Amino acid sequence: MSELRSLELSFEEALEVCKAISNKHRMAILKLLSERPHNVNELSEKLGLPFSTTAVNVKKLEEVNLIKTEMVPGRGTQKINTRNYDQIVIGIGPIEQTNENMITYEMPIGDYLDCHVEPSCGIVGLDDYIGMQDDPRSFYEKERTEAELIFFRMGFLEYRFPNRVPFGSRATQIEFSTELCSEAPLYKLDWPSDITFWINDIEIGTWTSPGDFGGERGFLTPDWWMSNHTQYGLLKNWRLNEEGVFLDGVKMSDQITINDIKVHEKPFISFKIGIKEDAENKGGLNLFGSKFGNYEQGILMKVSHNSTSEQ
């Protein structure tokens, strides 16, 4: 028998989840996904709803991490929705006092500190390309801070977030989430790419993107962007705490913990994303900003910390 997957929520998280599931159609979607994975067409047919309505409700459930959508081989390649949890636990008893605090910081994708990229590559703003396509020199233009889509075949981007963990406190968990996918000519659903992530120069893991997604326009993708180009990515969440490394809530490793990245030793928190020279699948990457793709965010960092003054 498989292990029961539970989602335990803080007060703030519970509010967002309750908003998402206070809708009979979304509850019906969760019930169907408890039976087996479905694509949006299947959900639409079973619920007797228009495809567009079903897609909006699926997106709402994705935003609070109750379900996930992945590309899988099928008749061609399909977007399949699966549930992340078997049950949701919300504590409604007396609130236990805790020293736990959360710091949230969103970084625009164009605010990288360092980079090394190789063509094909480019930076796309809200209305046009920034600089020249396939010219790495464009990655140093001052207008890069207005980027809403960045793509390259090989290389990396490094971001430095301000370290706002108070003196006398200890970081207990750090999360990074961003929307991304592989980089192929135009787009190609079957185009795997090994995308690696580093925090404070410590490699925490690699995710293999199944493809470069197109064929339907992203919710936020601007109208001027050609329909035969990349349209959207997948929202991936990396979490590092004292138990190890987690990707989208699934434990990937216990060999690296938050203690290894030594948050207290630097005035910043470095986040690097790229394609390694020795990667098996060198399929590049697309990185989406808050006004491109399917998710209205750049690179989001969350740091939990506890006061050490009473320890």
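Details of the structure are given in the entry above.
Residues numbered from 1 in each chain as written. Predicted model: local features only at pLDDT ≥ 70, side-chain atom pairs only at ≥ 80, totals over all residues. Heavy atoms only, no water.

Caption draft 1: Looking closely at the packing of helix α2 (residues 24-35) against helix α4 (residues 51-63). At their nearest, the axes of α2 and α4 sit 10 Å apart, and the two run at 75° to each other. It follows from the interaxial angle that α2 and α4 lie roughly perpendicular. Residues H25, R26, I29 and L30 of α2 form the contact with α4, whose own contacting residues are T54, N57, V58, K60 and L61. Taken together, the residues of the contact of α2 with α4 break down into 4 nonpolar, 3 polar and 2 charged. (Axes fitted to C-alpha atoms, helices over the stretch in contact; angles between N-to-C directions. Helix = DSSP H or I, 4+ residues; strand = E, 2+ residues; numbered from the N terminus. Parallel < 35°, antiparallel > 145°, perpendicular 65-115°, else oblique. Contact = heavy atoms within 4.5 Å. Nonpolar A, V, L, I, M, F, W, Y, C, P; charged D, E, K, R; others polar.)

Caption draft 2: Spotlight on the pairing of strand β16 (residues 299-307). Within β16, 8 of the 9 residues are buried, which leaves it mostly tucked inside the rest of the structure. Two elements, strand β5 (residues 101-107) and β16, share 7 bridges in a ladder whose sense is antiparallel. If you follow N101 over to β16, its bridge partner there is H305. Bridge analysis of strand β8 (residues 169-181) against β16 gives 8 bridges, and the strand direction is antiparallel. From the neighbouring strand, E175 faces β16, where its bridge partner is K302. (Buried < 20%, exposed > 50% of the residue type's maximum accessible area, 1.4 Å probe, protein only. Pairing = 2+ DSSP bridges.)

Caption draft 3: Spatial organisation of α2. Relative to the 16 Å expected for 12 residues at 1.5 Å per residue, α2 spans 17 Å between its end C-alpha atoms, a close match to the ideal helical length. When we look at burial in α2, the residues that qualify are R26, I29, L30, L32 and L33. Around the axis of α2, the buried residues are gathered within 165° of arc, so they sit on the same side. Facing away from the buried side of α2, by more than 90 degrees, are the exposed residues K24, K31 and E35. The backbone nitrogen of H25 has a side-chain oxygen 2.8 Å away, supplied by the residue at the start of α2, namely N23. (Expected span 1.5 Å × (residues − 1). Arc of directions from axis to C-beta. Polar contact = N/O pair within 3.5 Å; in protein donor to acceptor, adjacent residues only side chain to side chain.)

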